[in-house]
Amino acid sequence: MSSNKSVMITGASTGIGYELAKLFAQDKYNLVIVGRNKQRLTEVAEEFTVKYSCSVTVIQKDLSNQNAAIDLFHEVSASGFEFDILVNNAGIGSCGQFHETDLCKNIEMIELNITSLTILTKLVSAKMVTKGGGKILNVASTGAYMPGPYFAVYYASKAYVLSFSEAIANELRDFGVVISVLCPGATISEFANRAGKTEVKNAMSAKTVANVAYKGLMNNERIIIPGLANKCGVLLAKLMPRQVTANIIGKVQKKLFEDFRKDIKNNRNMS
Ligand SMILES: NC(=O)c1ccc[n+]([C@@H]2O[C@H](COP(=O)([O-])OP(=O)(O)OC[C@H]3O[C@@H](n4cnc5c(N)ncnc54)[C@H](OP(=O)(O)O)[C@@H]3O)[C@@H](O)[C@H]2O)c1
């Protein structure tokens, strides 16, 4: 039995997006799941359909191309899908010294983390206003609260997501549209490896992060920060001079980046 509620989730093939999609599936939402890896998304759809008897539509899109976000919205709208909830979760990072990181990767990150998120939020929120309500969850990061040397474009992109989401949450509340923003700290997923850094030792599980996010979204919380340590980190960042925070974050990210490069070198030497 399928509920009449519908949710579209970007980046649902792995990590936080996958765990969030599972929670919606368990609650019998009709799901549209989006990502680049069609095979993985199809496996996820099969898993949810069998286990939770929900309806799952797979859409393969590379959202680092802004046209893909526009196409996605029109394709999904044309199918008659009702956007009760949108989760803008897809995101990437790229670690390293800014002047040395790949320019294409920087632009890809901005297009995915900022541009596509903005496009989908705009088109879907307008639809939600017309029908009198809905919820959007935008995934930022605790990094949104601080400058992030060695991860500069990523932290800045998440600062945009946080500021943008808080602003439109204020505008849209009178129209019955709830905007929540999730700010996870380090989380175990594919993210660190893809970003070119080692995983933080005490990172949270994606499942825990998704559980907190789901509850927060259902309770219309505006800013959702999973875990006490992350809440304290954000509080400290608000209190400390930004230059001091930048020094601390820079040391941490530099070490994660260098450890990753060492691991790659060691693995090459062993093979
Ligand atoms: N992990 C952390 O430490 C952490 C901390 C704070 C915030 N976050 C944020 O949490 C969100 C989820 O990350 P995660 O940790 O779950 O990482 P993840 O396991 O790497 O998941 C990222 C998801 O985004 C999708 N994606 C990546 N590039 C895409 C593109 N160009 N077009 C469409 N989909 C794309 C991936 O699917 P495909 O590969 O199939 O495209 C995947 O499903 C991101 O916004 C990230 O910035 C993560």
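The following refers to the structure shown. (Residues numbered from 1 in each chain as written. Predicted model: local features only at pLDDT ≥ 70, side-chain atom pairs only at ≥ 80, totals over all residues. Heavy atoms only, no water.)

**Considering the site of the ligand**
At step 1: Inspection of the region around the ligand gives 31 residues, with R36, D62, N89, Y154 and S189 positioned closest.
At step 2: Measuring from an oxygen atom of the ligand, one finds a side-chain N or O atom of S13 at 2.8 Å.
At step 3: Measuring from an oxygen atom of the ligand, one finds a backbone N or O atom of F191 at 3.4 Å.
At step 4: For the ligand, whose free accessible area comes to 880 Å², the fraction covered by protein is 97%.
At step 5: When residues of the shell around the ligand are traced back to their parent elements, those giving at least two are helix 1 (15-26), helix 5 (152-172) and helix 6 (191-195).
At step 6: Across the shell around the ligand, the residue classes tally to twelve nonpolar, 13 polar and six charged. (Near = heavy atom within 4 Å. Polar contact = N/O pair within 3.5 Å; in protein donor to acceptor, adjacent residues only side chain to side chain. Areas by Shrake-Rupley, 256 points an atom, 1.4 Å probe, with all protein chains shown as cover. Helix = DSSP H or I, 4+ residues; strand = E, 2+ residues; numbered from the N terminus. Nonpolar A, V, L, I, M, F, W, Y, C, P; charged D, E, K, R; others polar.)

**Considerations on the nonpolar core**
At step 1: Grouped together as the largest cluster of nonpolar side chains are 48 residues, with contacts concentrated most on M8, L72, V76, F83 and Y145.
At step 2: When contributions to this core are tallied by element, the ones reaching two or more residues are strand 2 (30-35), helix 3 (66-78), helix 4 (103-131), helix 5, strand 6 (177-182), helix 8 (228-239) and helix 9 (242-270).
At step 3: The biggest single contributor to this core is helix 5, with nine residues.
At step 4: Residues within four places of V76 in sequence aside, it is in contact with M8, V32, I59, F81 and F83.
At step 5: One finds A12, Y29, A45 and I224 within the second-largest nonpolar core, a separate group that totals 33 residues. (Core = buried A, V, L, I, M, F, W, Y, C linked by side-chain atoms within 4.5 Å. Buried < 20%, exposed > 50% of the residue type's maximum accessible area, 1.4 Å probe, protein only. Contact = heavy atoms within 4.5 Å.)

**Observations concerning the sheet that holds strand 2**
Either a parallel or an antiparallel arrangement is found when strands of a sheet pair, and the pairing is made through backbone hydrogen bonds.
At step 1: Strand order in the open sheet formed by seven strands is 3-2-1-4-5-6-9, with parallel pairing between adjacent strands. Two strands in the sheet have a free side with no partner beyond their single neighbour: strand 3 (56-60) and strand 9 (223-224).
At step 2: As defined by bridge partners, strand 1 (residues 6-10) adjoins strand 4 (residues 85-88) across three bridges and the pair is classed as parallel. Each residue of the ladder has a partner; that of M8, found in strand 4, is L86.
At step 3: Each of strand 1, strand 2, strand 4, strand 5 (134-139) and strand 6 is contacted by helix 1, which is oriented at about 170 degrees to strand 1, the strand it contacts most. (Pairing = 2+ DSSP bridges. Axes fitted to C-alpha atoms, helices over the stretch in contact; angles between N-to-C directions.)

**Here's the deal with the pairing of strand 4**
At step 1: Judged by which residues are buried, strand 4 turns out to be covered on both faces: I85 and V87 on one side and L86 and N88 on the other are all buried.
At step 2: In this view, the connection linking strand 4 to its parallel neighbour strand 5 by way of helix 4 has right-handed handedness. (Right-handed = clockwise from strand over helix to strand, strands pointing away.)

**Overview of empty space enclosed by the protein**
At step 1: One pass over the full model with this rule turns up two cavities of 30 Å³ or more.
At step 2: The calculated volume of the largest cavity comes to roughly 50 Å³.
At step 3: Lining the largest cavity are T10, L63, N88, N89, A90, L112, S116, L117 and L120.
At step 4: Broken down by element, the residue count for the lining of the largest cavity peaks at four residues, all from helix 4.
At step 5: Looking at side-chain class alone, the lining of the largest cavity contains five nonpolar, four polar and no charged residues.
At step 6: There is about 40 Å³ of room inside the second largest cavity.
At step 7: Lining the second largest cavity are S94, G96, F98, T101, N106, F151, A152 and V153.
At step 8: Class assignment of the residues belonging to the lining of the second largest cavity gives a composition of four nonpolar, four polar and no charged. (1 Å grid on protein atoms, 1.4 Å probe; cavity = no way out; pocket = protein on both sides within 12 Å on 5 of 7 lines; lining within 4 Å. Points joined across faces, edges and corners; volume = space filled by probe spheres on them.)

**Some points on helix 2 (residues 38-52)**
At step 1: Over its 15 residues, helix 2 extends 20 Å from the first C-alpha to the last, a length consistent with the 21 Å expected when each residue adds 1.5 Å.
At step 2: On its buried face, helix 2 is in contact with helix 1, strand 2 and strand 3.
At step 3: Looking one or two residues beyond helix 2, the residue adopting positive phi is S53, at roughly 50 degrees. (Expected span 1.5 Å × (residues − 1).)

**Considerations on the pairing of strand 2**
At step 1: The buried count for strand 2 comes to six of six residues, which makes it a mostly enclosed element.
At step 2: Neither face of strand 2 is left uncovered, since the one carrying N30, V32 and V34 and the one carrying L31, I33 and G35 both have all their residues buried.
At step 3: In terms of strand pairing, strand 1 meets strand 2 through five bridges, oriented parallel. For S6, the partnering residue across the bridge sits in strand 2 and is N30.
At step 4: Since strand 1 and strand 2 lie parallel, the crossover through helix 1 that links them has a hand, and here it is right-handed.

**Let's talk about the side chain of K61**
At step 1: Tracing the sequence through the fold places K61 in the loop between strand 3 and helix 3.
At step 2: Looking at K61, its side chain comes within polar contact range of the side chain of E75, at 3.0 Å.
At step 3: Beyond its immediate sequence surroundings of up to four residues, K61 is in contact with V34, G35, R36, A68, D71, L72 and E75.

**Brief notes about unusual backbone geometry**
At step 1: Positive phi, normally seen in glycine, also occurs at Y150, with a value near 70 degrees.
At step 2: Note that Y150 resides in the loop between strand 5 and helix 5.
At step 3: The phi torsion at N220 lies on the positive side, around 60 degrees, for a residue other than glycine.
At step 4: In this fold, N220 is placed in the loop between helix 7 (206-218) and strand 9.

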